[in-house]
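Notes for the structure review
In case you want the letters, here they are:
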Amino acid sequence: GAVVSQHPSRVICKSGTSVKIECRSLDFQATTMFWYRQFPKQSLMLMATSNEGSKATYEQGVEKDKFLINHASLTLSTLTVTSAHPEDSSFYICSAPTILAGAHEQYFGPGTRLTVT
Amino acid sequence: AQSVAQPEDQVNVAEGNPLTVKCTYSVSGNPYLFWYVQYPNRGLQFLLKYITGDNLVKGSYGFEAEFNKSQTSFHLKKPSALVSDSALYFCAVIGGFKTIFGAGTRLFVKA
């Protein structure tokens, strides 16, 4: 079946630095990818929709200058957390819809645990 | 606006007993409903979906869900729970082109 990978799986960084998270669709092309954030014991919160060849669409309340999204190709989207702060520590998950799975289905990456010290 | 509600934060069940994880939805138009499972520090795994057709949907790992239009519910069920079913379960609905998740229900299966 379709596979979505994320790299890194875990990252620890210092406050003020930037961190890049990659999301790749390994065996299918994804013109759209979604980025979610998940706090401990909470649900997934959609942050933004990443669109290949155009600007990302951010959800209300998400700072686009802080969470930079680049959809560089049909198989790669990146999320860069700029000037990270401890409150940015979270579990970040990407997903991509695919016609391989039929209409209206998504495949999720394994997630990236970000810890900002 | 599309939304889903999972009224239970946690469900406890003994191994071998049937389990139910509840989900209700609110959508305009025909609902596209999903169940996902998440294990600790992992991404989401697809369990099953309802798009159209039979109200009883069978999915992975022996799970099934029943779509009930009159009650706007899509409860997840399994006839006999396993300890390995212990995880976080999310109900979701498609809203436009986005997936909207419920708050999640943590399932504990005790041996």
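See above for the structure.
Residues numbered from 1 in each chain as written. Chains lettered and ligands numbered in written order. Predicted model: local features only at pLDDT ≥ 70, side-chain atom pairs only at ≥ 80, totals over all residues. Heavy atoms only, no water.

1. Topic: the sheet that holds strand E1 (residues 4-7) of chain A
Residues and elements named next belong to chain A.
- The antiparallel open sheet is built from four strands, whose spatial order is E1-E3-E8-E7. Edge positions in the sheet fall to E1 and strand E7 (67-73), since each has one partner strand and no second. For this sheet, the mean angle separating the axes of adjacent strands, direction not counted, is 20°.
- The sheet contact formed by E7 and strand E8 (residues 76-81) spans five bridges and is antiparallel. Each residue of the ladder has a partner; that of Leu 68, found in E8, is Thr 80. (Pairing = 2+ DSSP bridges. Helix = DSSP H or I, 4+ residues; strand = E, 2+ residues; numbered from the N terminus. Axes fitted to C-alpha atoms, helices over the stretch in contact; angles between N-to-C directions.)

2. Observations concerning the interface of chain A and chain B
- Contacts between the two partners involve 24 residues from chain A and, on the opposite side, 21 residues from chain B.
- Summed over both sides, the interface between chain A and chain B buries roughly 1700 Å², with carbon and sulfur atoms accounting for 54% of that surface.
- Between chain A and chain B we count zero salt bridges in total.
- At the surface where chain A touches chain B, the tally comes to four residue pairs in polar contact (both at pLDDT 80 or more).
- Among the secondary structure elements, those contributing two or more residues to the side of chain A that touches chain B are strand E4 (32-38), strand E5 (44-51), strand E9 (90-97) and strand E10 (106-108) of chain A.
- Residue contributions to the side of chain A that touches chain B peak at four residues, all from E4 of chain A. (Contact = heavy atoms within 4.5 Å. Buried area = accessible area lost by both parts, 1.4 Å probe. Salt bridge = Lys/Arg side-chain N within 4 Å of Asp/Glu carboxyl O. Polar contact = N/O pair within 3.5 Å; in protein donor to acceptor, adjacent residues only side chain to side chain.)

3. Looking at the packing of aromatic side chains
- Applying the stated rule across the entire model yields 14 aromatic pairs over all chains.
- For the pair Phe 67 of chain A and Tyr 92 of chain A, a centre-to-centre distance of 6.4 Å together with 45° between the ring planes defines the contact as tilted. Remark: Tyr 92 of chain A occurs in strand E9 and Phe 67 of chain A occurs in strand E7; sequence separation between them is 25 residues.
- Note on Phe 67 of chain A: relative accessible area 6%, which makes it buried.
- Under the relative-accessibility criterion, Tyr 92 of chain A is labelled buried at 0%.
- Following the ring pairs from residue to residue traces out a cluster consisting of Tyr 36 and Phe 108 of chain A together with Phe 34, Tyr 36, Phe 46, Phe 90 and Phe 101 of chain B. (Phe/Tyr/Trp six-rings, centres within 6.5 Å; stacked < 30°, edge-to-face > 60°. Buried < 20%, exposed > 50% of the residue type's maximum accessible area, 1.4 Å probe, protein only.)

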